[in-house]
Amino acid sequence: MATCAIYLISPLDVGGSFPDRLARALDAAEVAAFQFRVKGVDEHEAARLAEPLQRICAEREVAFIVNDSIALAKRLGADGVHLGQEDGAVAEARQRLGREAQIGVTCHASRHLAMEAGEAGADYVAFGAFFPTTTKAVKHHAEPEILTWWQALMEIPCVAIGGITAGNCAELVRAGADFLAVSGGVWNGDEAAQVKALHEAIEAAGAA
């Protein structure tokens, strides 16, 4: 069984000392990708905030993914973009960002949306929320079996998201998640300790 990897999502506040926190988190254990997710700031300000974070990721060979905005991902030369259902089409992102870009799509708990994203050429699909989360309002609740269903059917990786912590991630790893997307489960505590604990929990679940 392929090992599940950590996909870190930023808190909404990425100013101040956050670059140092990101560096600590990425140095604590292996992280596959970091998603830059800010709301309510213009593209110029978002680009300014992203610059040190993108550099920290590049130095550690961690994929830098921009949430929601194809235009910002293009401006930054990011490794990819994560699209919600209202953030534009996979085809548009592919055309603007190129063949090498990682394009992910939020599919909530919908098998239909996931199939559509896969057929459109997405590089990964994201299912969730699996657990209650304070990071954003949850309208959709997903069950672990959707990960198992997807793995049996498709080659494209799937990401589990929503309220995931070191304490509850095992069933998602066993169900077939390729990546665990985590935000509050890392940033609401000591980021280095949380990433390390998450990594250890994934390894334990994968070995079980």
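Heads up: the structure comes first, above all this text.
Just so we're clear, the structure is a prediction, and the values are computed from it rather than from any experiment. (Residues numbered from 1 in each chain as written. Predicted model: local features only at pLDDT ≥ 70, side-chain atom pairs only at ≥ 80, totals over all residues. Heavy atoms only, no water.)

1. Regarding the overall build of the protein
Broken down by element type, the protein carries nine helices and eight strands. Against the compact-globule benchmark of 17 Å for 208 residues, the protein has a radius of gyration of 16 Å, which places it among compact chains. For the C-alpha atoms alone, the extent of the protein along its principal axes is close to 45 × 40 × 30 Å. When each of the 208 residues of the protein is scored for burial, the buried share is 49%. Restricting the contact set of the protein to residue pairs at least 6 apart, pairs at least 24 apart contribute 58%. With the model as given, the accessible surface of the protein reaches about 9,900 Å², and the carbon-plus-sulfur share is 50%. (Helix = DSSP H or I, 4+ residues; strand = E, 2+ residues; numbered from the N terminus. Rg over C-alpha atoms; globule rule 2.2 N^0.38 Å. Buried < 20%, exposed > 50% of the residue type's maximum accessible area, 1.4 Å probe, protein only. Contact = heavy atoms within 4.5 Å. Areas by Shrake-Rupley, 256 points an atom, 1.4 Å probe, with all protein chains shown as cover.)

2. Describing the nonpolar core
Among soluble globular proteins, nonpolar side chains are generally buried collectively. Core analysis: the largest hydrophobic core is formed by 66 residues, its most contacted members being L22, F34, F36, F64, F127, L147 and L180. Each residue touching L180, except ones within four places of it in the same chain, is listed here: C4, A5, I6, Y7, A160, I164, C169, L172, V173 and I202. Within the second largest apolar cluster, eight residues are counted, among which are Y7, A33, A126 and V159. (Core = buried A, V, L, I, M, F, W, Y, C linked by side-chain atoms within 4.5 Å.)

3. With respect to the side chain of E191
Checked against the element boundaries, E191 lands in helix α9 (residues 191-207). Residue classification places E191 among the buried positions, given a relative accessible area of 5%. The residues contacting E191, other than those within four sequence positions of it, are R21, R24, A25 and V186.

4. Observations regarding the packing of helix α1 (residues 18-28) against α9
One can describe the packing of α1 onto α9 by two numbers: an axis separation of 8 Å at closest approach and a directional angle of 30°. The angle between α1 and α9 falls in the class roughly parallel. Viewed along their axes, α1 and α9 form a crossing whose handedness is right-handed. Touching R21, R24, A25 and A28 of α1 are E191, A192, V195 and K196, all from α9. (Axes fitted to C-alpha atoms, helices over the stretch in contact; angles between N-to-C directions. Parallel < 35°, antiparallel > 145°, perpendicular 65-115°, else oblique. Left-handed = near helix turned anticlockwise from the far one by under 90°.)

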